[in-house]
Amino acid sequence: MSGVIQLLPESTANQIAAGEVVQRPASVVKELLENAVDANASLIKLYIKNGGCTHIQVDDNGSGMNTFDARMCWERHATSKIKKADDLYNLSTLGFRGEALASIASVSQVEMRTKSLEETVGTRIVINAGTVETQESVAHTEGTSITVKNLFYNIPARKNFLKSISVETKHIFEEFQRIALAYPKVGFEFYNQDKNLSKLKSGNLKLRILELFKLKEDELIEVQEDTEIVSFSGFIGSPKLAKRTRGNQFLIANGRFIKDHYLSHAISSGYGSLLEDKTHPFYVLILNVDPAKIDVNIHPTKHEVKLEDGRHIYTLLQSVVRKSLGTHFVVPTAKQLSNLNQSKPNYSSLNTTKPDSRYNPFDKPKERIRSEWEKLDEILQAPIPKVTQQKEIFTASSITDSIIDIEEVLQLENSYVLAKINQELWLIHQHRAHAHVLNYRYTTNQQIASQQLLFPRTVELAKADLSLYIEMRDEINALGFDTSEFGKDAIIINGLPSELSKTDGAEVLQQILEDFKENLQQLKIDKQDALRRAAAKRAAIKAGETLTNQEMTKLVTDLLSCEAYTHTASGHTIIVKLDKESLERFFQ
Ligand code: ADP
Ligand code: MG
């Protein structure tokens, strides 16, 4: 008897995996650069043409491969980096899935030349859409050269989703920067259309940052702290390097660039009032933890990781940033102080000041100076909290710069978060709080995480909805959707905001359009505002959803970093505070 279930052909399975691993040319660049680093190369050259859509080439002088491995590496789950599941907890390489090369080869035309030290002659392999066309011996120096041509040429649907050449080039340059920062000892070169864009010598992190961002030495402040749990090193930028966009922020955990909103918040809050409102500091921070305490096995592109001890690391990071600013910050002269604007710190006058080597940020100030300098003192004098395994104290800085301790969190009825904060009890409406956080994020143009769909979805829309969609398309996509028109009466969804990645994207998008229309009619607010509120409502945590302690703490921290957080934009209560007075009133 035969059933209906069959194993997928290898080539189809590889193409499906490619949906996850290879989202755009920059993903190919990331995988090839990582492989070259894993092969211990000391010089890596990247060449691209047309935003990487037609040509990506990575040459390295690493270990190379022998003839057997040169063929084997294109098989799915073929890796030299782990042998058993336990090795995942002790990773010292960037790769481990053995998926990248197989995925890339299934959606492009690939040529590789490689030679290992032991062999006298190298191997050349040509693969088209996953099928090996040629394998032969060639002369080659030790190392590997891989060329990936015409990405997605056999999958037109994906090819159509590629953005403009300049956008794809920008993504590639970002990946290049991330790897170059994580591995300053390796030399890197980057050529676009045969023109050299970047030539980075082997050196240390400081030189790498100065070269890559064309900065001056005095614009960087060194960070260094070792504890039992984690060690930090790297550089944070002087406050005047802060920008309205989050571009130049690099957090590298165990050699891997990671995105972590929570830890970014720790760094920004460490600056306190030294940053102007809504600006984001420059940093390149290297974080090293025991490999057993970091889980990188969450997503194939591995930008997201799970860290054990996240709360400790948050507290510590915030304090370390504070301390570094304190030790490196310059003391203004009396004249500069008298020039200071009362309401805003004047960074330009600061930059002309010479560092005072006798300055100890932890000394009490001799003369009382009000205004911003007092705030600076407060930041500098905050003691570094001792991090212990037992006691979990978590600090977050709200926009008002007061230090808030979230000591305890509990969930009630799976709908409310009860938090003990600064000796008060706060009862927080979880859905409204999260919708408010998302709305704030959209309004302040913060980077929105988006996840590509493995299989794009199409949605048919009524004529009126379709014209509404067309009008608002750019705004919708700015919220983390990746959508475009598809034929006469439908749209195609290729990616979703990460908050919505587990939902039925088509249904949610229709709901958002419905809510959007309703908001427009009932609230008399502008179109963008109506859309943001509709999307925030659908993407937010719902009432009835169980949250972990970490999720609750993150929700409260995020809420506190919004400009106003007690009520929603439409005036609904988010927080009920039970302070001493209100408690006493209960028992009168
Ligand atoms: P992973 O990196 O997860 O192991 P890949 O598909 O990226 O998977 O690569 C498969 C294998 O091919 C690697 O484990 C490695 O042994 C080999 N390989 C890939 N690129 C290189 C390179 N540039 N130099 C030497 N070996 C390489
Ligand atoms: Mg790899």
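Throughout, a residue's number is its position along its own chain's written sequence, starting from 1. Each chain gets a letter, beginning with A, and each ligand a number, beginning with 1, in the order they are written. Reporting of local features is limited, given that this is a predicted model, to residues whose pLDDT is at least 70; pairs of side-chain atoms are given and counted only at 80 or more, and all residues count toward the totals for whole chains, interfaces and linings. Working from all heavy atoms in the structure, the side-chain values ignore hydrogens and water.

**Some details on the overall build of the chain**
The cut-off we apply is this: The helix and strand labels rest on DSSP assignments: H or I over at least four residues marks a helix, E over at least two residues marks a strand, and numbering proceeds from the N terminus. Relative accessibility under 20% of the residue-type maximum defines a buried residue, over 50% an exposed one, and the middle range a partly exposed one, all with a 1.4 Å probe and only protein chains included. The contact criterion used is simple: two residues touch if any of their non-hydrogen atoms lie within 4.5 Å. Accessible surface area values rest on a Shrake-Rupley calculation with a 1.4 Å probe, where residue burial reflects the displayed protein chains alone.
Within the chain one finds 18 helices and 23 strands. Each of the 588 residues in the chain was classed as buried or not, and the buried ones make up 51%. By sequence separation, contacts in the chain at least 24 residues apart represent 66% of the contacts at least 6 residues apart. Carbon together with sulfur atoms contributes 51% to the accessible area of the chain, which is approximately 29300 Å² in total.

**Here we look at the packing of helix H2 (residues 25-38) against helix H6 (residues 165-182)**
Using the following cut-off: For every element, the axis is a line fit to its C-alpha atoms; helices are fit only across the contacting stretch, and the angle between N-to-C directions ranges from 0 to 180 degrees. Angle categories are assigned with fixed cut-offs, so that under 35 degrees is roughly parallel, over 145 is roughly antiparallel, 65 to 115 is roughly perpendicular, and the rest are oblique. Handedness of a crossing is defined here by the sense of rotation of the near helix relative to the far one, left-handed for an anticlockwise turn of less than a right angle and right-handed for a clockwise turn. Three categories are distinguished: nonpolar for Ala, Val, Leu, Ile, Met, Phe, Trp, Tyr, Cys and Pro, charged for Asp, Glu, Lys and Arg, and polar for the others, with Gly belonging to the last.
Where H2 contacts H6, the axes come no closer than 8 Å and their chain directions differ by 20°. By the criterion of interaxial angle, the relationship of H2 to H6 is roughly parallel. As H2 packs across H6, the resulting crossing turns out to be right-handed. Residue-level inspection shows Pro 25, Ala 26, Val 29, Lys 30, Leu 33, Glu 34 and Val 37 of H2 in contact with H6, the latter providing Glu 168, His 171, Ile 172, Glu 175, Phe 176 and Ile 179. Class assignment of the residues belonging to the contact of H2 with H6 gives a composition of 8 nonpolar, 1 polar and 4 charged.

**Some words on the pairing of strand E19 (residues 424-429)**
Our working definition: For two strands to count as paired, DSSP must find a minimum of two bridges between them.
Relative to E19, strand E18 (residues 416-421) runs antiparallel, the two sharing 6 bridges. Note that in E19 the partner of Leu 418 across the bridge is Leu 427. The hairpin turn running from E18 into E19, its antiparallel successor, is 2 residues long, and Asn 422 in that turn takes a positive phi close to 45°.

**Some points on the packing of aromatic side chains**
As a reminder, the rule being used: Note on aromatic pairs: the rings of Phe, Tyr and Trp (six-membered ring only in Trp) are paired at centre separations within 6.5 Å, and the planes decide the class, stacked below 30 degrees, edge-to-face beyond 60, tilted for the rest.
Evaluated as defined, the whole model comprises 11 aromatic pairs. Ring centres 6.1 Å apart and planes at 65° place the aromatic pair Phe 250 and Phe 257 in the edge-to-face group. Each member of the pair, Phe 250 together with Phe 257, is buried. Their ring planes at 75° and their centres at 6.5 Å tell us that Phe 586 and Phe 587 sit as a pair that is edge-to-face. For the pair formed by Phe 586 and Phe 587, the shared burial category is exposed. By way of ring pairs, the aromatic residues Phe 173, Phe 176, Phe 188 and Phe 190 are connected into one cluster.

**Some points on the sheet that holds strand E13 (residues 283-289)**
Ordered by their spatial adjacency, 5 strands build an open sheet running E9-E10-E13-E11-E12, and the pairing between neighbours is mixed. The open sheet terminates on both sides in strands that have one partner only, identified here as strand E9 (220-226) and strand E12 (256-258). Taking each pair of neighbouring strands and ignoring which way they run, the sheet shows an average axis angle of 20°. Taken together, the 3 bridges between strand E11 (residues 249-253) and E12 define a ladder with antiparallel strand orientation. Bridge pairing in E12 places Leu 251 opposite Ile 258. On the sheet, H6 packs against E11, E12 and E13 and is oriented at approximately 50° with respect to E11. Along the sheet face, helix H8 (residues 261-271) touches strand E10 (230-237), E11 and E13 and points at about 125° away from the line of E13.

**Quick word on the site of ligand 1**
What counts here: The cutoff for a nearby residue is simple: one of its non-hydrogen atoms must lie within 4 Å of the molecule or strand. Definition of a polar contact: a pair of N or O atoms within 3.5 Å, with one able to donate and the other able to accept a hydrogen when the atoms are protein atoms, and with sequence-neighbouring residues admitted only if both atoms are side-chain atoms.
Residues in contact with ligand 1 amount to 19 residues; listed here are only the nearest, Asn 35, Thr 79, Ser 80, Lys 81 and Gly 98. One of the backbone N or O atoms of Gly 98 is found 2.8 Å from an oxygen atom in ligand 1. Within the backbone of Ala 100, a nitrogen or oxygen atom sits 3.3 Å from an oxygen atom of ligand 1. Here ligand 1, which alone exposes 530 Å², has 93% of that area covered by the protein. For the shell around ligand 1, a count of residues per class yields 7 nonpolar, 8 polar and 4 charged.

**Section: helix H7 (residues 205-213)**
All of the buried residues in H7 are Leu 205, Arg 208, Ile 209, Leu 210, Leu 212 and Phe 213. Phi turns positive, to about 50°, at Lys 214, one or two residues after H7.

**Quick look at the nonpolar core**
Put simply, the test is: We call a set of buried residues a nonpolar core when its members are Ala, Val, Leu, Ile, Met, Phe, Trp, Tyr or Cys and they connect through side-chain atoms within 4.5 Å of each other.
Core analysis: the largest hydrophobic core is formed by 61 residues, its most contacted members being Leu 32, Ile 44, Leu 46, Trp 74, Leu 181, Phe 188 and Ile 209. It is H2 that contributes the most residues to this core, 7 residues altogether. Listed in part, the 31 residues of the second largest apolar core include Leu 438, Leu 466, Ile 512 and Ala 536.

**Quick look at unusual backbone geometry**
The backbone of Gln 193 shows a phi angle near 50°, a positive value even though the residue is not glycine. With respect to the helices, strands and loops of the structure, Gln 193 is situated in the loop between strand E7 (187-192) and strand E8 (195-200). Residue Gln 193 is classed as partly exposed on the basis of its relative accessible area of 41%. Positive phi, close to 50°, is recorded for Lys 214, a residue that is not glycine. Within the fold, Lys 214 resides in the loop between H7 and E9.

**Examining the pairing of strand E6 (residues 143-149)**
In regular strands, side chains alternate between the two faces of the sheet. Counted residue by residue, E6 has 6 buried out of 7 residues, so it is predominantly covered. Pairing analysis gives 6 bridges linking strand E2 (residues 55-60) to E6, with the strands arranged antiparallel. Paired with Gln 57 across the two strands is Thr 147, which belongs to E6. In this sheet, E6 lies alongside strand E3 (residues 109-115) in antiparallel orientation, the contact comprising 7 bridges. Along E6, the bridge assignment pairs Gln 109 with Lys 149.

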